[in-house]
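Reading the structure
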Amino acid sequence: MEKLRINGGHPLKGELAISGSKNAALPIMAACLLCPNEIMIDNVPNLRDIKTMGTLLSHMGATIEKVSENTLKINTKNIRQKFAPYELVKTMRASIVVLGPLLARFGEAAVSLPGGCSIGARPVNLHIEGLSAMGAKIEIKNGYIHASAKELKGCEFEFNPVSVTGTANLMMAACLAKGQTILNNSAKEPEIVNLGEFLITIGAKISGLGTERIIIEGVKSLKSEHFKVIPDRIEATTFLIASLITKSNLKINNLIPGHLKEPIDLLRRSGAIIKVSRQSIDIAPPKKIKPVSFKTEPYPGIPTDIQAQLMVLNILADGHSTIHETIFENRFMHVLELQRMGADISLNRNIALVQGIKALKSAPVMATDLRASAALVLAALAAEGETIVDRIYHIDRGYENIDKKLSSLGAMVERIES
Ligand code: UD1
């Protein structure tokens, strides 16, 4: 198993480019199942989760060609089986997004239930209820969702709570359904907007993207196209935080600042000096980081996917702060590891109380999930001495070449085998 050896306490310097968004690319790849023609997708990050989605699609009979490092050509003309096996779904919950497109194009699908997750229960009841409302017959048997429908019919459905992949699944299914579908309390995340833009590019009729009411008029078929995935706003925010906690000036390129409004406001409140340009951000650290209390919320609020990384910022701030996790019930697994590095954090259910300290200490630590592992890497960059971050396969699921990118900024990071 691979680990990262990080020698922390050194400032970073320079600039780097943000990769394509994992959470946009995954449903866009799944959406290729809606259309039997060849589709080219650019700016796809080279990540473990993307490979898993590729394996899942190939397993069904799709051909996936890597045209270049970040461009995929996907053809789902010869889908043989409309089946997503447990072995793949258990490694990546987002695999559930093949359910809607498979059902819409082929009238049948069998997708494994994703099962438990380290950050919370993460049910998929809304995906199932929404597809049922579109007329699908759904049975849960032996851990699998078996869905069938002669023809999906448009419907009005409300998400409660708002669900990102739930919105993706129903929006994709509705593209080939008969008539109009209205999705209320839909996710407004930029990744959902990007998926919707992709669907429109291949011929879908969708309005209301980026609002809580998305309206889809079903069409008979979709066509082949070329599309570019948006930059990853979570990766971008992670590097902005890296600048502050290592007291470094950085320039982060290839991002969409409009997707980062609330995180940028929060970082400014912590004292960061931020200059926003059209596709890049220059960031400089304050002398002392001010603590910033926040709660995680659906977009445009502070994403739960940067809660762990922002905790590291607060650990190194001058004073105390509270962090309220409102999306997932168990997303504080990183706290125990950060405490091993000297962090002063107490937990009260889904609220973390963070008392800032002068410096973190290096220690061997273990990544428990994707974003927790990013927080540990950040903590290691700030801590004096050598930290070994174990189980970094988690970080490879969602951060493209994290070790190479950090090294390019002057960090002392090395990937080692156990
Ligand atoms: C997506 C993101 C993930 C991010 C999360 C929240 C992808 C691939 N993953 O995950 O990185 O952390 O959004 O921004 O895009 N819920 C239900 N029933 C359902 C579905 C969800 O109760 O059927 C609840 C969940 O338990 C959670 C909340 O809704 O409390 C939001 O979850 P959801 O938006 O669905 O997360 P994902 O789409 O799985």
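Everything that follows concerns the structure shown earlier in this document.
Residues numbered from 1 in each chain as written. Predicted model: local features only at pLDDT ≥ 70, side-chain atom pairs only at ≥ 80, totals over all residues. Heavy atoms only, no water.

This next bit is on the sheet that holds strand S7 (residues 108-112). The strand order across the open sheet formed by four strands is S6-S7-S9-S8, and the pairing between neighbours is mixed. With one partner strand each, in any of the chains shown, strand S6 (83-84) and strand S8 (137-141) form the two edges of the open sheet. As paired strands, S7 and strand S9 (residues 144-148) are joined by five bridges and run antiparallel to one another. Looking at the pairing, Ala109 lines up with Ala147 of S9. Across the sheet, helix H4 (residues 99-106) is in contact with S6, S7 and S9; its angle to S7 comes to roughly 160 degrees. (Pairing = 2+ DSSP bridges. Helix = DSSP H or I, 4+ residues; strand = E, 2+ residues; numbered from the N terminus. Contact = heavy atoms within 4.5 Å. Axes fitted to C-alpha atoms, helices over the stretch in contact; angles between N-to-C directions.)

So, on to helix H12 (residues 370-382). Under the 1.5 Å per step criterion, the end-to-end length of H12 is 19 Å for 13 residues, consistent within 8% with the ideal 18 Å. Burial analysis of H12 places 13 of its 13 residues in the buried class, the great majority of the element. For H12, the capping residue at the N-terminal end is Asp369, with a side-chain oxygen 3.0 Å from the backbone nitrogen of Arg371. (Expected span 1.5 Å × (residues − 1). Buried < 20%, exposed > 50% of the residue type's maximum accessible area, 1.4 Å probe, protein only. Polar contact = N/O pair within 3.5 Å; in protein donor to acceptor, adjacent residues only side chain to side chain.)

Another point: the packing of aromatic side chains. Under the counting rule described, the total for this entry stands at three aromatic pairs. Arranged with centres 5.3 Å apart and planes meeting at 70 degrees, the rings of Phe198 and Phe227 form a pair that is edge-to-face. With Phe198 in helix H7 (residues 190-201) and Phe227 in strand S14 (residues 226-228), this residue pair connects regions lying 29 residues apart in the sequence. (Phe/Tyr/Trp six-rings, centres within 6.5 Å; stacked < 30°, edge-to-face > 60°.)

The subject of this paragraph is the nonpolar core. Met53, Val98 and Leu199 are the most contacted members of the largest nonpolar core, which totals 76 residues. Sequence-distant contacts of Val98, defined by excluding residues within four places in its chain, comprise Ala30, Leu33, Met53, Leu56, Leu57, Met60, Ala84, Val111 and Asn169. (Core = buried A, V, L, I, M, F, W, Y, C linked by side-chain atoms within 4.5 Å.)

The immediate surroundings of the ligand are formed by 18 residues, with Asn125, Ser163, Thr165, Asp305 and Ile327 found nearest. In this structure, Asn125 approaches the ligand through a side-chain N or O atom, which is 2.7 Å from a nitrogen atom. Between Ile327 and the ligand, the recorded distance is 2.6 Å, taken from a backbone N or O atom to an oxygen atom. Protein chains bury 84% of the 740 Å² of accessible surface belonging to the ligand in isolation. The leading source of residues in the shell around the ligand is helix H5 (residues 125-133), at three residues. Grouping the amino acids of the shell around the ligand by side-chain chemistry returns nine nonpolar, six polar and three charged. (Near = heavy atom within 4 Å. Areas by Shrake-Rupley, 256 points an atom, 1.4 Å probe, with all protein chains shown as cover. Nonpolar A, V, L, I, M, F, W, Y, C, P; charged D, E, K, R; others polar.)

The side-chain alternation of strand S21 (residues 351-355) yields one buried face, formed by Ala352 and Val354, and one unburied face, formed by Ile351, Leu353 and Gln355. The pairing of strand S19 (residues 320-324) with S21 spans five bridges and is classified as antiparallel. The residue of S21 that forms the bridge with Thr322 is Leu353. Between strand S20 (residues 344-348) and S21, which follow one another and run antiparallel, lie two residues, and Arg349 among them has a positive phi close to 50 degrees.

With that out of the way, let us pick up the side chain of Asn314. Within the secondary structure layout, Asn314 lies in helix H10 (residues 307-315). For Asn314, a relative accessible area of 0% gives the class buried. Separated by 3.5 Å, the side chains of Asn314 and Ser321 make a polar contact. Setting aside anything within four residues of it in sequence, one finds Asn314 in contact with Pro291, Val292, Phe294, Ser321, Ile323, Val354 and Gly356.

What follows deals with unusual backbone geometry. Look at the link from Asn160 to Pro161: it is a cis peptide, with omega at 5 degrees. Tyr299 connects to Pro300 through a cis peptide bond whose omega is 10 degrees. Locating Pro300 in the fold gives a position in the loop between strand S18 (294-295) and H10. The phi dihedral of Asn401 falls on the positive side, at around 45 degrees, and the residue is not glycine. Looking at the element boundaries, Asn401 is found in the loop between helix H13 (393-398) and helix H14 (402-408). On the accessibility criterion, Asn401 (34% relative accessible area) is partly exposed.

Now for the pairing of strand S23 (residues 385-390). Across five bridges, strand S1 (residues 2-8) lies against S23 in antiparallel orientation. Paired with Ile6 across the strands is Thr387, a residue of S23. Two elements, strand S22 (residues 365-366) and S23, share two bridges in a ladder whose sense is parallel. From the neighbouring strand, Met366 faces S23, where its bridge partner is Asp390. Each parallel crossover has a hand, and the one from S22 via H12 to S23 is right-handed. (Right-handed = clockwise from strand over helix to strand, strands pointing away.)

Between helix H8 (residues 233-245) and H10, the shortest axis-to-axis distance is 10 Å and the interhelical angle comes to 10 degrees. By the criterion of interaxial angle, the relationship of H8 to H10 is roughly parallel. Two secondary-structure elements touch here, H8 through Ile234, Thr238, Ile241, Leu244 and Ile245 and H10 through Gln309, Leu310, Val312 and Leu313. (Parallel < 35°, antiparallel > 145°, perpendicular 65-115°, else oblique.)

A separate point is the environment of Gly143. Relative to the assigned elements, Gly143 resides in the loop between S8 and S9. With a relative accessible area of 35%, Gly143 lands in the partly exposed category. Excluding its chain neighbours within four sequence positions, the residues that come into contact with Gly143 are Ser112 and Leu113.

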